[in-house]
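# Structural features, examined
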Amino acid sequence: MSTRLKRRSTGWTSNAIIGLLLTSAIVRIGTAAGPAMADNTVASVDEQAPVATNAADTGTLLAALQAREIRLDERDSQITERMQALHAAEAEIEEKLQALVVAEERLSATLALADGASETDLMRLTTVYENMKPKEAAALFSEMAPQFAAGFLGMMRPDVAALIMTELEPEIAYSFSVVLAGRNANVPTD
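Residues numbered from 1 in each chain as written. Predicted model: local features only at pLDDT ≥ 70, side-chain atom pairs only at ≥ 80, totals over all residues. Heavy atoms only, no water.

### Remarks on the overall build of the protein
The cut-off we apply is this: Helix and strand labels come from DSSP, where a helix needs a run of H or I of at least four residues and a strand needs a run of E of at least two; each type is numbered from the N terminus. Under the convention used here, a 1.4 Å probe and the Shrake-Rupley method define accessible areas, while residue burial counts only the protein chains that appear.
Counting its regular elements, the protein contains five helices and zero strands. For the protein, the succession of helices and strands along the chain, N to C, is α-α-α-α-α. Surface accessibility of the protein: about 15,300 Å² in total, with carbon and sulfur atoms responsible for 62%.

Here it is, written out as structure tokens:
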């Protein structure tokens, strides 16, 4: 009997210790769980508040995005209008450039005709002076400005120009010679 009693007392002791440990665990869990549960409740209340604030922020953000979209659409339409104006201006510029090219070609042709006509006139006048008697031509040349007379003498055949020069006063013939000698002095040689 005594072993049985020992077993019972040992069983009762271990049951008591297990019970005390469980009670201690429950008390500890209760003291730790209370604030944790309170924090969880507060956290869930705090989570709801930002949702309300986020809804207001979302509305503000949405309004800002819509306003920006309107501004971007306006800017896009302004850019489109500017591009259309730019294309129209480019077309007008191209048209005017073509007109300028045509006008330049006409002007060049007119200048060529005028140059050709004046060249023809100068050649005819030079031929007239060449066909004059040297003494008569010298009388005309002595009345001309040295630049003008030297131009004609330079275009004449050398033998005819020499005959006219011999009929001129030495000072006048010298001035014509200076002009003739110096008219190509500034021409580049390279």
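### Let's talk about the nonpolar core
Note the threshold: Here, the term nonpolar core denotes a set of buried Ala, Val, Leu, Ile, Met, Phe, Trp, Tyr and Cys residues that are joined through side-chain atoms within 4.5 Å. Summary of the burial criterion: residues with accessible area below 20% of their type's maximum are buried, those above 50% are exposed, and those between are partly exposed, where the area comes from a 1.4 Å probe applied to protein chains only.
Ranked by internal contacts, the top residues of the largest apolar core, which has 16 residues, are Phe141, Leu153, Met156, Ile164, Leu168 and Phe176. Broken down by secondary-structure element, the contributors of at least two residues to this core are helix H2 (134–143), helix H3 (146–155), helix H4 (158–167) and helix H5 (170–182). Here this core takes four residues from H4, the largest share from any one element.

### Focus on a negative patch on the surface
Spelled out, the test is: Candidates for patches are residues over 30% relative accessible area with no salt bridge; among them, like charges are joined within 9 Å and nonpolar side chains (Val, Leu, Ile, Met, Phe, Trp, Tyr) within 5 Å. Only one rule defines a salt bridge in this text: a Lys or Arg side-chain nitrogen within 4 Å of an Asp or Glu carboxyl oxygen. Only four residue types enter the charge count, namely Lys and Arg as positive and Asp and Glu as negative; His and the chain termini do not. To locate a charge, the coordinates of NZ of Lys, CZ of Arg, CG of Asp or CD of Glu are taken.
Negative charge collects at one region of the surface, where Glu69, Asp73, Glu74 and Asp76 lie side by side. For Asp73, a relative accessible area of 48% corresponds to the partly exposed category.

### Comments concerning the packing of aromatic side chains
A ring pair, where both rings are aromatic, is described by two values, the distance of the centres and the angle of the planes. Filter applied, for reference: Between the rings of Phe, Tyr and Trp (Trp by its six-membered ring), a pair exists once the centres lie within 6.5 Å; its type follows the angle of the planes, with under 30 degrees stacked, over 60 edge-to-face, and the other angles tilted.
Summed over all chains, the structure comprises three aromatic pairs. Their ring planes at 65° and their centres at 5.1 Å tell us that Tyr129 and Phe141 sit as a pair that is edge-to-face. In this pair, Tyr129 is assigned in helix H1 (residues 2–131) and Phe141 in helix H2, connecting sequence segments twelve residues apart. The class for Tyr129 is buried, based on a relative accessible area of 9%. Classification of Phe141 by relative accessible area gives buried; the value is 0%. Between the aromatic rings of Tyr129 and Phe152, the centroid separation amounts to 5.1 Å while the plane-to-plane angle is 85°, which identifies the pairing as edge-to-face. Of this pair, Tyr129 sits in helix H1 while Phe152 sits in helix H3; the two residues are 23 residues apart in sequence, bridging distant segments of the chain. Neither Tyr129 nor Phe152 differs from the other in exposure class; each is buried. By the ring-pair criterion, three or more aromatic residues cluster together here, those being Tyr129, Phe141, Phe148 and Phe152.

### Digging into the pattern of salt bridges
Applying the stated criterion across every chain yields a total of three salt bridges. Note that Arg157 and Glu130 form a salt bridge whose closest N and O atoms lie 3.9 Å from each other. One end of the pair, Arg157, is in the loop between H3 and H4; the other, Glu130, is in helix H1, with 27 residues separating them in the sequence. Its relative accessible area of 44% is what places Arg157 among the partly exposed residues. The partner of Arg157 in a salt bridge is Asp159, and the shortest N-O contact between them spans 3.5 Å. Residues joined in a network through salt bridges with shared partners are Glu130, Arg157 and Asp159.

### Digging into H3
For clarity, the threshold we go by: By definition, the arc is the one covered by directions from the helix axis to the C-beta atoms.
For H3, the set of buried residues is Ala149, Ala150, Phe152 and Leu153. For H3, the angular spread of the buried residues around the axis is 160°, confining them to a single face.

### Examining a nonpolar patch on the surface
Taken together, the side chains of Ile79, Met83 and Leu86 define a hydrophobic patch exposed on the protein surface, amounting to about 260 Å² of accessible area. Secondary-structure assignment places Leu86 in helix H1.

### Here we look at the confidence of the model for the protein
The line we're drawing: The quantity called pLDDT is the predictor's confidence in a given residue, expressed from 0 to 100. Whether two residues are in contact is decided by their heavy atoms, any of which lying within 4.5 Å being enough.
This prediction gives the protein a mean pLDDT of 82; 79% of its residues lie at or above 70. For residues 48–52, every residue scores under 50 in pLDDT, and the model assigns this stretch zero contacts once sequence neighbours within four places are set aside.

### What about the packing of H2 against H4?
Our working definition: Under this scheme, a helix contributes an axis fitted over its contacting stretch, all axes are lines through C-alpha atoms, and angles between N-to-C directions fall in the 0 to 180 degree range. By the definition adopted for this analysis, an angle is roughly parallel if under 35 degrees, roughly antiparallel if over 145, roughly perpendicular if from 65 to 115, and oblique otherwise. Definitions for this section: a left-handed crossing has its near helix turned counterclockwise from the far helix by less than a right angle. A right-handed crossing has that turn clockwise. Classes in brief: Ala, Val, Leu, Ile, Met, Phe, Trp, Tyr, Cys and Pro nonpolar; Asp, Glu, Lys and Arg charged; the others, Gly included, polar.
Here H2 crosses H4 at 70°, and the two axes come no closer than 8 Å. With respect to H4, the axis of H2 lies roughly perpendicular. The element H2 and its partner H4 pack so that their crossing is right-handed. Where H2 abuts H4, its residues Pro134, Lys135, Ala137, Ala138 and Phe141 lie against Leu163, Ile164 and Glu167. For the contact of H2 with H4, the per-class residue count stands at six nonpolar, no polar and two charged.

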